[in-house]
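Observations on the three-dimensional arrangement
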Amino acid sequence: MRVLGFESSCDETGVALVELPAPGETGVPRLLAQALHSQISMHQAYGGVVPELASRDHIRRVLPLSREVLSQAQLGLQDIDVIAYTEGPGLAGALLVGAGVAVSLAAALGKPAVGVHHLEGHLLSPFLSADPPEFPFVALLVSGGHTQLMRVDEVGQYEILGETIDDAAGEAFDKSAKLLGLPYPGGPHLSKLAEQGRADAFELPRPLLHSGKPDFSFAGLKTAVLTQLKKLGEAPTETQRADLAASTQAAIVEVLVKKSLMALKDTGLKRLVVAGGVGANASLRAQLNAACAKRGVRVHYPELSLCTDNGAMIAMAAAMRLQRGMARLSHAGGFGVRPRWDLSAA
Ligand code: ATP
Ligand code: MG
Ligand code: FE
């Protein structure tokens, strides 16, 4: 069985084809082909995502990307059994493009369509890696819009252990990066600048570090970064900027690592799965790897290219639900999107 998946929740148009193991065989579904178009350069001039421009660009890209995926896989539309799309959460107009195309295509082919939760896609993306995890595990979901620690017992069994009460980790990276004059999205740029800096150069807050719960708060960090920048005056030197970037990254990473260890200790689980864009951060990976190795905990990440939004994770999440007989397939031809949607309700 083959699943074609569409992602269009924000500023990436992703299409991918995943194949389930043959009936009677076990194993993880396999990625056959994928294509991705990032709108980052289009939105950069505005310092963030412009929703209407995002929707229009998804419309432009989605069919050429679909053709590319089928041609890579050397398959035709008749070889697809199920069509998956991101139903939410995300930008309403952007979601509607992927959902509209997926459901119309499914109706035209006489195949079922299935809506996927975007965060379930992120969460299950490490199953596309060469070293897929096994259930149960603790998941650290760190993306542009979400920061959550979860206990994951199986597909669809997500217990939120703690989450951010304000900004997400990706947002903290992006907002601090913006203050440092770096382009959108700032996470990777800040991380690169941080390589030249000293992480202990500036004292920045670690909010809720000692709250005793696996919860997060990052909103105060950007204010602290701004305060430090003001102290540096009109023209901070390149070294000062790099030091501030390194100190900011260290503050975010320390909290993420400490809280992940707390969730592992509280649940007694020995497996950690990291997902979402911030999961690409090299410093986060290095520090999690070191801390987990000491405690006999195995850590799994998505491939670097699959940390941020992509179609493969959407096709994969649908395929893993299909394998378990828990995909909500629709043959009706109608559809809706859910710009706001709790993962625990998925
Ligand atoms: P959500 O999935 O919550 O709806 P999103 O889809 O916008 O949000 P992702 O695509 O998972 O989020 O991740 C994007 C975020 O990841 C951005 O905030 C970006 O700055 C951050 N990011 C990407 N690479 C890195 C990196 N190397 N270091 C730090 N942050 C990074
Ligand atoms: Mg994005
Ligand atoms: Fe995302």
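Residues numbered from 1 in each chain as written. Chains lettered and ligands numbered in written order. Predicted model: local features only at pLDDT ≥ 70, side-chain atom pairs only at ≥ 80, totals over all residues. Heavy atoms only, no water.

As recorded by an unreviewed UniProt entry, the protein carries the name tRNA N6-adenosine threonylcarbamoyltransferase and is attributed to Roseateles subflavus. On record in UniProt, under Subcellular location (unreviewed entry), the comment for the protein is "Cytoplasm". Among the UniProt annotations of the protein, the heading Sequence similarities (unreviewed entry) holds the following wording: "Belongs to the KAE1 / TsaD family." (UniProt positions renumbered as here; feature names shortened; annotations may be inferred.)

1. Here we look at the coordination of the magnesium ion (ligand 2)
Taken together, Asp 11 (OD) and Glu 12 (OE) make up the full set of protein donors to the magnesium ion (ligand 2), lying 2.2 to 2.3 Å away. The same class applies to Asp 11 as to Glu 12, namely buried. (Donors = N, O, S within 2.8 Å, 3.2 Å for Na, K, Ca; no water. Buried < 20%, exposed > 50% of the residue type's maximum accessible area, 1.4 Å probe, protein only.)

2. Some remarks on unusual backbone geometry
Negative phi is the rule for most residues except glycine; trans is the rule for most peptide bonds. That bond from Gly 88 to Pro 89 is cis: its omega, -10°, falls within 30 degrees of zero. With respect to the helices and strands, Pro 89 occurs in the loop between strand 4 (82-88) and helix 3 (92-109). With omega at -15°, the peptide bond leading from Tyr 184 into Pro 185 counts as cis. Along the chain, Pro 185 turns up in the loop between helix 5 (169-179) and helix 6 (186-194). Phi is positive for Gln 74, close to 55°, though the residue is something other than glycine. Structurally, Gln 74 can be placed in the loop between helix 2 (51-73) and strand 4. The exposure class of Gln 74 is exposed, given its relative accessible area of 73%. Unusually for a residue other than glycine, Leu 208 sits at a positive phi of about 65°. Summarising the element assignment, Leu 208 is placed in the loop between helix 6 and helix 7 (219-232). (Helix = DSSP H or I, 4+ residues; strand = E, 2+ residues; numbered from the N terminus.)

3. So, the pattern of salt bridges
Evaluation of the coordinates by the stated rule reveals 18 salt bridges. The partner of Glu 171 in a salt bridge is Lys 175, and the shortest N-O contact between them spans 3.1 Å. Linking Glu 171 with Lys 175, this pair stays in helix 5, spanning four residues, or about one helical turn. Exposure remark for Glu 171: the relative accessible area of 24% places this residue in the partly exposed category. On the basis of relative accessibility, which here comes to 30%, the residue Lys 175 falls in the partly exposed class. Taking the shortest distance from any N to any O, the salt bridge between Arg 206 and Glu 254 comes out at 2.8 Å. (Salt bridge = Lys/Arg side-chain N within 4 Å of Asp/Glu carboxyl O.)

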